[in-house]
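# Architecture at a glance
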Amino acid sequence: MFTTPILVIAYNRVAYTHDLFVSIKKIQPEKLYVSIDGATAGDKVDLRNVLEVRSVFMPEWECDLKLRYNDKHLGKSAHVVSAINWFFENEPEGIILFDDTLPHPDFFPYCAELLERFRDNKQIGHIGGCNILKRKYIEESYYYSAYPSVWGFATWKDRWEGFDLKLEDVAPDEIQQLFAPYNVKKKVPGFWLRKHKLLIKYSDIDIWEYQYFFHLWKKACYNIVPTVNLVENRGFSTKSKHRLRKLNRELKPIMPLVHNTTIVQHRKADQFMFRRCFKKDKLTFLRHWIDENILNS
């Protein structure tokens, strides 16, 4: 039996959700939380898919299963935040997975070991499961980064507390100061200041990840990134997400862990991460918003 609590955040992806549940079933967690968003109003196909997703979670082992079904469709970001809030109302720490992700079996013991190891070390805010790097920079099993990977991760209640989707707790004149603990190039704070302004201006954009970045930076946390990829994101199925699909790397084992005992940001890896993932212009940001909210792609 696996003792670390797990939260699954799901919506209407029946096949992906089934595959994720199969991977979870292999470790037989003692505690499994499942939050499923409601169907879009008036969409019968969506309703059917949502109901099928609800039928996926039927543990055949002794499991404390807690289910949370939204009566209305909240949308990605609102659902994610409400689900994680609910999870941490009941647990002090745990693993969080999304319905379109598929973890390597080693992802679970990796998270459990690091949750225990860094439980009382507030320098660490987030344990990521994804690695998009093309090569392995260090011999140890993980490195420390300014950027959290969120396709599948683990964290603690006290690190999540205070998360604000509207970014009301982060003022524009704070952005430069947020990067004081991190070794980044001069242009990086300016880049994130522009992203902050766009998130404020287009407050209805269905994004929560960037707000989470700001949240962790305000806490001056480092984020753990494995040196191999432990989580595949299967949700990049549309043409508009072809670029993101390329970020997936082959899943590889990581256990037993070789611990990285010096908590120092890996600057070279973060520079690659910045260029590979985040350096997008304003038009790309707005195109993403149109894809998610208007074209529904």
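Structure report, in brief. If you're wondering where the values come from, they're calculated on a predicted model, not measured in any experiment.

On to the sheet that holds strand 4 (residues 93-98), then. Judged by pairing direction, the sheet is mixed, and its 8 strands sit side by side in the order 3-2-1-4-8-6-9-7 without closing on themselves. The sheet terminates laterally at strand 3 (64-69) and strand 7 (142-145), the two strands that pair on one side only. If you compare each strand with its neighbour and ignore which way they point, the axes differ by 20 degrees on average. Relative to strand 9 (residues 222-226), strand 7 is paired through 4 bridges, and the arrangement is antiparallel. Counterpart to Tyr143 in the pairing with strand 9 is Val225. Those strands touched by helix 8 (residues 209-218) are strand 6 (124-128), strand 8 (152-156) and strand 9, and its axis lies near 140 degrees from that of strand 6.

This part is about the pairing of strand 8. Within strand 8, 5 of the 5 residues are buried, leaving the element largely enclosed by the surrounding structure. A two-sided burial pattern is seen for strand 8, the buried positions comprising Gly152, Ala154 and Trp156 on one face and Phe153 and Thr155 on the other. For strand 6 and strand 8, the ladder comprises 2 bridges, and the chain directions are antiparallel. Opposite Ile127, over in strand 8, you have Ala154 as the bridge partner.

Calculation rules
- Residues numbered from 1 in each chain as written.
- Predicted model: local features only at pLDDT ≥ 70, side-chain atom pairs only at ≥ 80, totals over all residues.
- Heavy atoms only, no water.
- Pairing = 2+ DSSP bridges.
- Helix = DSSP H or I, 4+ residues; strand = E, 2+ residues; numbered from the N terminus.
- Axes fitted to C-alpha atoms, helices over the stretch in contact; angles between N-to-C directions.
- Contact = heavy atoms within 4.5 Å.
- Buried < 20%, exposed > 50% of the residue type's maximum accessible area, 1.4 Å probe, protein only.

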